[in-house]
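# Notes for the structure review
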Amino acid sequence: MRNFIDRRLNPKDKSLSNRQRFLSRARDELRRIVTDQIKTGKIADIDADHVVPMPARGTAEPAFRPAAGSGRRAHVLPGNKEFVTGDRLPKPPGGAGGGAGREGAGDGGDSEDDFRFVLSREELLDLFFDDLELPDLVKLDLKEIVSFRMRRAGYAVTGAPTNINVGRTMRNSFGRRLALGRPRQAQLDAVAAEIAALEAEAEPTAEAVERLAALKQELDRLVRKRKLVAYVDPVDVRFNRLEQQPVPNANAVMFCLMDVSGSMGEREKDLAKRFFVLLHLFLKRRYERIEIVFIRHTHEAQEVDEETFFHSPQSGGTIVSTALEEMQRIITERYPSGSWNIYAAQASDGDNAANDSQRCVALLDQELMRLCQYYAYVEIIDERESHIFQSAENGTALWQSYRLVAETWSNFQMTRIARPGDIYPVFRKLFSRQAAG
Amino acid sequence: MKERAGNPGLLFDGSDWNFQTLSRTYDAIEAIALDDLKLDVYPNQLEIISSEQMLDAYSSIGMPLMYRHWSFGKRFAREQHLYRKGYLGLAYELVINSNPCITYLMEENTMAMQALVTAHAAFGHNHFFKNNYLFRQWTDASAILDYMEFGKSYIARCEEKHGIAAVEAILDAAHALMDQGVFRYRRPPRLSVAAERERIRDRLDYEERTFSDLWRTLPAAKDDDGPDRPDDEIERGRALNLPEENLLYFLEKNSPVLEPWQREILRIVRVIAQYFYPQRQTKVMNEGCATFVHYTIMNTLFDRGMIGEGALLEILQSHSSVVFQPTFDDPRFSSFNPYALGFAMMQDIERICTAPTAEDRDWFPDIAGSGDWRAALIDAWANHRDESFVLQYLSPALMRKFRMFVLEDETHDTHYKVASIHDERGYRKVRATLARSYDVGANQPDIQVADADLLGDRHLRLRHTVQDGVVLAASSRDATLRHVRQLWGYDVSLVGVDPAGATVYETSAVE
């Protein structure tokens, strides 16, 4: 009466679609949580696993439940040490459910449930991409972890018909035919012609008859041999062997430049951070190792760590060229452009000291743009002002000057962003170039 | 499988298992269970699964087949995280009340644990499922898997036809009412897939047959038309079989707005709720029975030299952590551990039968000193649920052992009151209070359909009989009421009434 069944090889993840349904239901809430985490987390950590609290809104499961602590209840508890009938014990403050520890958390009054779960990289990026308005193809491409390229790697005796290597196959065939002595067509034709000639004679001599018989035998032998030794035999066939090879990885360094003077508020910094995160994701796809350098500037620039970069305020004027000089100094010191791909992203609200913009242009034009693979400049503007700045001609002094750079250098990108959806277009060029190459 | 020369009788040696050791051990356990303990079980089907599959099974309330719903995904996310972080060990086993009885064994378990699980689930739980009167009367073990298959595919087809969102809305609402979706006093009919299909076909056939486009063109009925219209509440109630405690049943049969497929989904949820109702009423007994059986069988195996000391120690270590009962002031305490209480009570029955004290003879004249503890236990397992079991068998000796006391908690009082303790005056009070706390019927809010005027404004009135002043959690209550309104389609109100008839609260869900 027993029956053992080994189910270990049955498909697991039976609950996967339930999980997806749950995530889609909690999407808005999860997005808020993820956005918060991105604000506070590190740029490079974005696509690691994220632990998020279970969102209660939208996923509450209501039922008719007794309210915790209401009415008159009696509990039986184990472990009496000193109580006798009639003792009165003060209730703990805050009405904490009493000694019986009844579950009172089901009320749904809390904003977040008290347990957390892990979002996979894929699920997390989905949420992160949500309001960035990326095209689907780009999303897919960014989520893909490693890309491979097919590379020729010698020959194989098996493969798909489309991969037959004709030259190699024919060379094998030729050698085999030579070695096994396959009669050529010309040989055959010659014998046939001689037979025809002999047969055409009206009165063949005995010699000729004998010769004819020999020739016919010879022809028969040749034909049989040709049948036995094929022109192309399966053993000759060779296929091109293709190997999947990861696309070559190299080192890249990403410079994040940001104006941290008083005019950059929380909103501006958040937008800038999303911009940096997205650039980092793009770069991560192409390079195995990416270093990030943070340079902040007011009227003077300094290299700082990520925490300071985003969170510590500093006061002072605004001189953009100091940051560019700092970047140039770091490149010469640590990242020789021969062995590093250099990417730079600059975020600013467009303020600059009166005559500094000219100097920035000169620096970029003569020095930095030659070293950089790509330079992206985003100007973060107020949403209310976005209609004023619709045309590229208007703008701050810095914007006007940078436009000169953009005209000369094709790898210089600039745009204004007022909301998260504006960020992606900055990358369009970077990405399309990659798709072509 | 090497066997040590010194112990030829050992069933297994070391912690690795394979199918030979599993079968051999199963046979040995079966011999003890059937011949020695006189258990009566369904045929067993033991399935080996991985821990991921165990997590999957967990999140769909333990059923091998379950329809898709986001709430199972939520449960899964939680369990998985807790498991990965090590906060939560997975259960070593999962057993399904079906015929054949399906037991899941996890591949990570050691051989000693597999033996323990086999005795615990495949014989302990299995015997209980087959013999306890609640399960015999209320669930149909041979039909449940077929029915789940039917429910799963039916809901999947509805999703294809009507869209996931529409099905989800109905399921959300039905899940909210699951606790109010069981018959507590009336026995449900037996399940049969064939009959089920037949019923659906009839339902659709009837609708097609009686459909007539002409009805649409009739002018609306005048208000003063009906002498046959039941005006008063009593007559209406009689027509609808009111009051009705099973809200899901009532809505399925009488909701003015539901489509046939929506009614069918309500029915599926209701059947599942009904299926699990006995399990909720017998937690202590069910786990106690299984624990007692595995403890007895494992010790017998050891006594007969069939398992080694190492294996027995491993089993005892696991056993004692399962039956651990923290005291009320321990941070780990949440409530009575059903394993601990059930196991202790069953051991106590064994003691009363074999070595009774004078006190036991007073309290349990029927079984004290009878010597046949097996028969006493089999009788108790078959004929009780938690509430009656505690009320019948909790002995003063055990109350003293657990040092039980009753704590009364009145909302407006600033103090708890110790009402009774484990002394001569308190035994009966302690026992009655503990028994009552296991009475699912008494602890669940009593909510019934009081009135529904189908021919008038179609207002659905629910009545909650408030016991001991325990009201409902407000936000959850209102959200649930909105679900009821969605299923009913018209206004719904809920009135809380205390036993004296006075209204405690009143709330409604109106559009």
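Source: prediction; values computed, not measured.

Conventions we followed
Residues numbered from 1 in each chain as written. Chains lettered and ligands numbered in written order. Predicted model: local features only at pLDDT ≥ 70, side-chain atom pairs only at ≥ 80, totals over all residues. Heavy atoms only, no water. Axes fitted to C-alpha atoms, helices over the stretch in contact; angles between N-to-C directions. Helix = DSSP H or I, 4+ residues; strand = E, 2+ residues; numbered from the N terminus. Parallel < 35°, antiparallel > 145°, perpendicular 65-115°, else oblique. Left-handed = near helix turned anticlockwise from the far one by under 90°. Contact = heavy atoms within 4.5 Å. Salt bridge = Lys/Arg side-chain N within 4 Å of Asp/Glu carboxyl O. Buried < 20%, exposed > 50% of the residue type's maximum accessible area, 1.4 Å probe, protein only. Polar contact = N/O pair within 3.5 Å; in protein donor to acceptor, adjacent residues only side chain to side chain. pLDDT = per-residue confidence, 0-100. Buried area = accessible area lost by both parts, 1.4 Å probe. Pairing = 2+ DSSP bridges.

### Some points on the packing of helix α15 (residues 338-354) of chain B against helix α18 (residues 386-393) of chain B
Residues and elements named next belong to chain B. At a minimum axis distance of 11 Å, the contact between α15 and α18 shows a crossing angle of 40°. Considered as vectors, α15 and α18 are oriented oblique to each other. You can see that α15 and α18 cross each other, and the crossing is left-handed. In this structure, α15 contributes M345, M346 and I349 to the contact, and α18 contributes F389, V390 and Y393.

### Observations regarding the pattern of salt bridges
Pairing is possible between side chains of opposite charge, provided their charged atoms come close. Tallied over the full model, the rule gives 43 salt bridges over all chains. Where R8 of chain A meets E107 of chain B, a salt bridge forms, and the shortest distance between an N and an O atom there is 3.2 Å. In this pair, R8 of chain A is assigned in the loop between β1 (2-6) and α1 (16-25) and E107 of chain B in the loop between β3 (101-106) and α4 (111-131), connecting two distinct chains. The partner of D478 of chain B in a salt bridge is R477 of chain B, and the shortest N-O contact between them spans 3.2 Å. The class of R477 of chain B is buried, set by a relative accessible area of 11%. Connected via shared salt-bridge partners are E252, K253, R267 and R270 of chain B.

### Examining the environment of T300 of chain B
All names here are of chain B. Within the secondary structure, T300 is located in helix α13 (residues 283-303). The spatial distance from the C-alpha of T300 to the C-alpha of I29 is 9.3 Å, given a sequence separation of 271 residues. Not counting the four nearest positions on each side in its chain, T300 is found in contact with I32 and D36. Polar contacts involving the side chain of T300 include one to the main-chain carbonyl oxygen of T296, which spans 2.6 Å.

### With respect to the side chain of T118 of chain B
Residues and elements named next belong to chain B. Assignment of secondary structure puts T118 in helix α4. Look at T118 and you get buried, because its relative accessible area is 5%. In contact with T118, other than residues within four places in its own chain, are Y26, I29, L46, L105 and F123.

### Quick look at the confidence of the model for chain A
Residues and elements named next belong to chain A. Here chain A averages 78 in pLDDT, while 82% of its residues score no lower than 70. Mean pLDDT values for the elements of chain A range from 57 in helix α13 (residues 424-436) up to 92 in helix α5 (residues 166-180). Every residue in residues 95-113 scores below 50 in pLDDT, and together they form 30 contacts with partners more than four places removed in sequence or on other chains. This stretch, residues 433-437, has a pLDDT under 50; its non-local contacts, to residues over four places away or in other chains, come to 3 contacts.

### Some words on the interface of chain A and chain B
At the junction of the two partners, chain A supplies 66 residues and chain B supplies 96 residues. Summed over both sides, the interface between chain A and chain B buries roughly 7600 Å², with carbon and sulfur atoms accounting for 55% of that surface. Applying the counting rule to chain A against chain B returns 10 salt bridges. Elements with a minimum of two residues in the side of chain A that touches chain B: β1, α1, β2 (50-55), β3 (72-77), β4 (88-90) and β5 (112-119) of chain A. Bridge count between β4 of chain A and strand β5 (residues 415-421) of chain B: 3 bridges; the pairing is antiparallel. Counted as the bridge partner of R88 of chain A is K417 of chain B from β5 of chain B.

### Remarks on the sheet that holds strand β11 (residues 341-348) of chain A
Each strand in a sheet pairs with another by means of backbone hydrogen bonds, the pair being arranged parallel or else antiparallel. Residue and element names in this part refer to chain A. Pairing is mixed in the open sheet, where 6 strands are placed in the order β10-β9-β8-β11-β12-β13. Each end of this open sheet is capped by a strand with a single partner; those strands are β10 (301-304) and β13 (412-417). Across this sheet, the average inter-strand angle for adjacent strands is 20°, counted without regard to direction. The sheet contact formed by strand β8 (residues 251-259) and β11 spans 7 bridges and is parallel. Within β11, the position partnered with V253 by the bridge is I342. Its contacts with the sheet place helix α12 (residues 397-408) against β11, β12 (374-380) and β13, and it is angled at close to 150° to β13.

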